[in-house]
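# What the coordinates show
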Amino acid sequence: MKQCLFLIVCFFLGSVLISIQAAEIYVSPKGLDTNIGSVEKPLATFAAAQLKARTFAGKEAVTIYFEDGLFYLPKTIVFKPEDSGSEKFPIVYRAQNEGGTILSGGLKLNLEWKSFRNGIFQAKIPEGIHIDQVFVNGLNQRMARYPNYDANKKTEAYQGYAADAFSKERAATWKNPKGGYIHAMHSKRWGGYHYQITGKDAEGNVTYEGGWQNNRQMGMHPEFRMVEHIFEELDAVGEWFHDETTQTLYYKPAASTDLKKATIEVVRLKQLIDFQGDLKDPVKHISLQGFILKHASRTFMETKEPMVRSDWTIFRGGAVMLTGTEAIQILDCEFDQVGGNAIFVNNYNRGTLIKRTHIHHTGASGICFVGDPNALRDPLFEYGEKNEASKIDTTPGPKTENYPAQAIVEDCLIHNIGTVERQPAGVQITMAMDITVRDCSIYDCARAGINIGDGAFGGHLIERCDVFNTVLETHDHGSFNSWGRDRYWRLKNFDITDYPELPFADAIKTTTIRNSRWRCDHGWDIDLDDGSTNYDIYNNLMLAGGLKLREGYRRRAWNNITVNNTFHPHVWYENSEDEVFSNIFMFVYQGVNVPKPNKTGKRVDSNLLFDAALTQDFGWDANSIIANPKFVDPENGDFRVQEGSPAFAIGFKNFPMDQFGVKKPTLKAIAKTPEIPVLGITEDLIKSDRTKRKPKATTWMGATISGLSGMEFSAYGVSKDDGGVALKKVPQNSKAAQIGLKDGDLIIAVNGKKVTNETQLVKLVDPMKSISLTFKVVREQKEIEIKTRL
C-alpha cells in the first residue's frame, strides 16, 4: 500500500515538474531547434519556440525567454488563432534582459570591398538579393541622392531640395536612372509624393510612375523635390548605390570606417511579426516584451489606400502588424530605424496595449490604429465628394465591429517620425473608437505628432502627453491635428436644424484632450480642422501655435493656456454649440469667416486676454477680461498663476506643469523636452494702450474685401506663396455678385496675374472700363475660373 502511494506521489510530482518545465521555453543564438527548449538545451529560433508554445496555448501560461543576441528572421513570424493564450493562461515572448535581444528583418553580408574611385568602394552581392536599405555598424545609410542630405536643415524639405532634381538637363548626366526615386512635397505642402523612375524617353525627359501617396491630388511642389538611388549622384560620405544588373554595391564610407571590420546589413522583410486573426476568430492574449525590432523595409511605394476624405493615403502594414486580435501587448520594446510604420493595428482589435516602448527614426508613422471603411455608413474618400441628405443612412454609430477599440498607448517615447514619407504621425487614429494615448513624449515629426483622421467613432483620450517639434516639413497642420469629414460634412441639401443629431452620428463619443503640453512653431499647437466634432479640450499648455477650431460641432475648450498666441476660430458654423471659456490667451482672436453678429449657438466668454482688445462683435467676451495672469515661473515652464491672479476671476484653475510626457526612468532620461518660449509681452506693453485699431475695410465692386495675414491662409487651403484677396461680404445686388463672386471666395489671380493684396486687385480691375476678365478663385478649397466682361 505504501509503495503504491509512493508511486502515485512520484507520478504527481513528476507531472508538476514536467508542467513547470513546459511553461518556460528558452531560446538562444547558440541553441538548436532539435533541443527541448530548456535552460540547458535552448532552441535556436523564434519560429521553433512559437511551434513549441503552440502546444500549450490556452492550457497553460507560457513564457518564452530569449537570451541576449541577434536573431535574423528568415521570414515574417505569423501568429494565428491557434497561437492564442487566454486570460488565465497568457503567452509571453520576452527578452531575458530588456533590450538585449534583437529581432531583425535583415541579413548580414560578408563582403569583399575593393576601391572604385573618389573614395567609393564596391563589392559583389549574392544573387537574388534586392537591397532596400543598407546599415553600416547599425546605422542606416543613405541612397545616392541629389541634392545631398544636410542634417542641419531639419525643417527644410527632405533636408535638401532642388527644383531641377530631375530636370532634363540634370538627367542628361545620368546614364540609366531606372530604379531611382523621385520624392516631392505636395504643391500645398500637405504631405508628399513618391515616384519610381522608369527611365528616360526619346527626348531625354525622366519617366516615372507613382504619386498616389496623397489623397488630395494637386501635383508636385515646383521646388521641394529630391531624387535618390541615382548612380551618378553618389558623391557624399554615407551614400550607396546598388546596381542590380551586376549585383554590385557601391558605398562611400567615412574616413573613420574600416570596411573590413564593419558590420554590413541589408533589409529583407516588410513585416517582422504579423498577427493574423479576424473578428470571428481572433488571436488572443500574447505579449511581446523587451525586444529591439529593426530592419523592416520602406513601404512608401505601397502607400496607396485613401483614408475617408482624409489628406492621407496609407499602407496597411508595419514592422509589427495586428489584424483581428484581443488583448495583445507590446511592452518595453524598441523599434529602431524601421522603414515604414512601426506598429499597425488594423481593423478588428480590442484591448491592445502598447506600453513603455521606444519608437524612433521610422520611415512612416509610429503607431497606426486604422479600421475598415466598410464599418462606416456612407463613407466617401475624395476630399471634394459630398453625400446627399435624402440618400444617406442616418443610423448612428458603426455598421460593423471591424475597427480598433479599447486600446492604450502609454508611457511611450516616439520621435524622428517620417524619415521617408511626409504623411506620418507619431500616433495615427482613423476609423477607431476609445483609443487612449497617455504619458507619451512625441517630437521631431515631419508632420503631426498625433492625428485623428475622422470623427468615426470618437471616445479617444489624450492626456499628460508632451508633443512638440512637429510639422517640420509640411504646412498647415498642428502638433495635434484632426479632421471630421464624416457623413454630415458638406452634406448636400442639409440643414442642421432639421437633423441636429447628424454631426454626432459618426462622432458618437466625446474625444478628450487634457493635461498635455504642445508646441508647434510651424502651425497650431492644437488644430481641429475640417468638421472635427465632439471634443472636450482642457488643462492644456500651448507654447507656440495656439488653438484652432475650424467648422465642426460641440467643441468645448476651457482652462487652457496659450503662450504668445491665441484662439483661432476658422470657418465656424452657426449654431455649432461650441464653447470657449475660462482660458488664458495672449492677444485678440484670429478669426476667419466667423459667424455673423448676435447669432446664438456658441459661447466665447470669460476668457483672460493678456494684451488685446476684446472681441465683442459677435456677442462674445461679455465677461472676459484684459489682465496680466501673473504666471509663477514662465522662464522655467511653470505657467501656473500666482495667488491673487485675475485669472481666478474668470474661473481658471491651476493644473500640474510637471507631469507631461514619459514616466519610465530609462525613457525619461533620454527624452527631449520643448524649448520654453520667452514671453513676447512686456510689462511696458501691458501698461500701454491696448486698443487694437481695426483695419479700414476696403470696398471693391460693392463687396468688402481683405488681404490675408498670419494663419488666415489655412482657412482657404492656400499657402502664403499663393497670396490672395478674400471677399468678406458680397451683397446680392453688388457688381461682384453679378459676375458670379460669393461670400468667402478668395481671388488669387486676374487674367493670369497673381493677386496678393487689395491694392493690386483694385489696380487690375477697373469697374469703369469695358474689359474681359478671368478670375482664378479659391472656393471651398478648390480653384475655379470665373469668366466675365465688365
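Up top is the structure.
Anyway, here's the lowdown on the structure attached to this text. (Residues numbered from 1 in each chain as written. Predicted model: local features only at pLDDT ≥ 70, side-chain atom pairs only at ≥ 80, totals over all residues. Heavy atoms only, no water.)

Time to look at the overall build of the protein. Scanning the protein from terminus to terminus reveals eight helices and 66 strands. The C-alpha radius of gyration of the protein comes to 29 Å, within 12% of the 28 Å expected for a compact globule of 790 residues. Seen through its C-alpha atoms, the protein measures out along the principal axes to roughly 110 × 75 × 60 Å. Across the 790 residues in the protein, those meeting the buried criterion constitute 59%. (Helix = DSSP H or I, 4+ residues; strand = E, 2+ residues; numbered from the N terminus. Rg over C-alpha atoms; globule rule 2.2 N^0.38 Å. Buried < 20%, exposed > 50% of the residue type's maximum accessible area, 1.4 Å probe, protein only.)

Read from one edge to the other, the open sheet built from five strands follows the order S8-S9-S19-S18-S12, with strand pairing classed as mixed. A strand with exactly one partner marks an edge of an open sheet, and here the two such strands are strand S8 (114-117) and strand S12 (142-143). Two strands pair when backbone bridges link them, and S8 and strand S9 (residues 120-124) are joined in this way by three bridges, in the antiparallel orientation. Across the sheet, the residue bridging to Arg117 is Ile120, located in S9. (Pairing = 2+ DSSP bridges.)

What follows covers the packing of aromatic side chains. In this structure the tally under the stated criterion is 39 aromatic pairs. Taking 5.2 Å as the distance between ring centres and 80° as the angle between the ring planes, the aromatic pair formed by Phe66 and Phe291 counts as edge-to-face. Highlighted residues: Phe66 in strand S2 (residues 62-66) and Phe291 in strand S24 (residues 291-294), separated in sequence by 225 residues. Phe66 gets classed as buried once you look at its relative accessible area, which sits at 0%. With a centroid separation of 5.1 Å and an interplanar angle of 80°, the aromatic rings of Tyr181 and Phe300 are classed as edge-to-face. Residue Tyr181 is located in strand S14 (residues 181-186), and its partner Phe300 is located in the loop between S24 and strand S25 (305-306); the two are separated by 119 residues in the primary sequence. (Phe/Tyr/Trp six-rings, centres within 6.5 Å; stacked < 30°, edge-to-face > 60°.)

Glancing now at unusual backbone geometry. Backbone torsion omega between Tyr146 and Pro147 reads -5°, so that peptide bond is classified as cis. Its place among the elements puts Pro147 in the loop between strand S13 (145-146) and helix H3 (168-171). Geometrically, the link from Ala456 to Phe457 is a cis peptide bond, its omega value of 5° lying close to zero. Turning to its location among the elements, Phe457 is positioned in strand S40 (residues 457-458). Backbone geometry at His295 places phi at a positive 65°, although glycine is not the residue there. Checked against the element boundaries, His295 lands in the loop between S24 and S25. Residue classification places His295 among the buried positions, given a relative accessible area of 0%. For Asp434, which is not glycine, the phi torsion reads 60° and is therefore positive. Here Asp434 shows up in strand S37 (residues 432-438).

Another aspect to go through is the side chain of Ser28. In this structure, Ser28 sits in the loop between strand S1 (24-27) and helix H2 (46-54). A distance of 3.2 Å separates a polar atom in the side chain of Ser28 from a polar atom in the side chain of Glu67. If we ignore the near neighbours within four places in the chain, the residues touching Ser28 are Pro42, Leu43, Ala44, Glu67 and Phe71. (Polar contact = N/O pair within 3.5 Å; in protein donor to acceptor, adjacent residues only side chain to side chain. Contact = heavy atoms within 4.5 Å.)

When you tally the buried positions in strand S35 (residues 413-417), you get four out of five residues, the bulk of the element. Sheet topology places strand S32 (residues 358-362) next to S35; four bridges connect them, and they run parallel. Opposite Ile359, over in S35, you have Ile414 as the bridge partner.

A few words on the pattern of salt bridges. A complete count under the given rule lists 45 salt bridges for this structure. Here Arg438 ties to Glu463 by a salt bridge, and the two come within 2.7 Å at their closest N and O atoms. Placement of the pair is Arg438 in strand S37 and Glu463 in strand S41 (residues 461-463), with a sequence separation of 25 residues. Using a relative accessible area of 19% as the deciding quantity, one classes Arg438 as buried. For Glu463, a relative accessible area of 5% corresponds to the buried category. The closest approach of N and O atoms between Asp745 and Arg779, which form a salt bridge, is 2.7 Å. Highlighted residues: Asp745 in the loop between helix H7 (735-738) and strand S63 (746-750) and Arg779 in strand S65 (residues 772-779), separated in sequence by 34 residues. (Salt bridge = Lys/Arg side-chain N within 4 Å of Asp/Glu carboxyl O.)

What follows covers the sheet that holds strand S11 (residues 139-140). Strand order across the open sheet formed by four strands is S7-S20-S10-S11, with antiparallel pairing between neighbours. Looking at which strands have only one partner, the edges of the open sheet turn out to be strand S7 (106-109) and S11.

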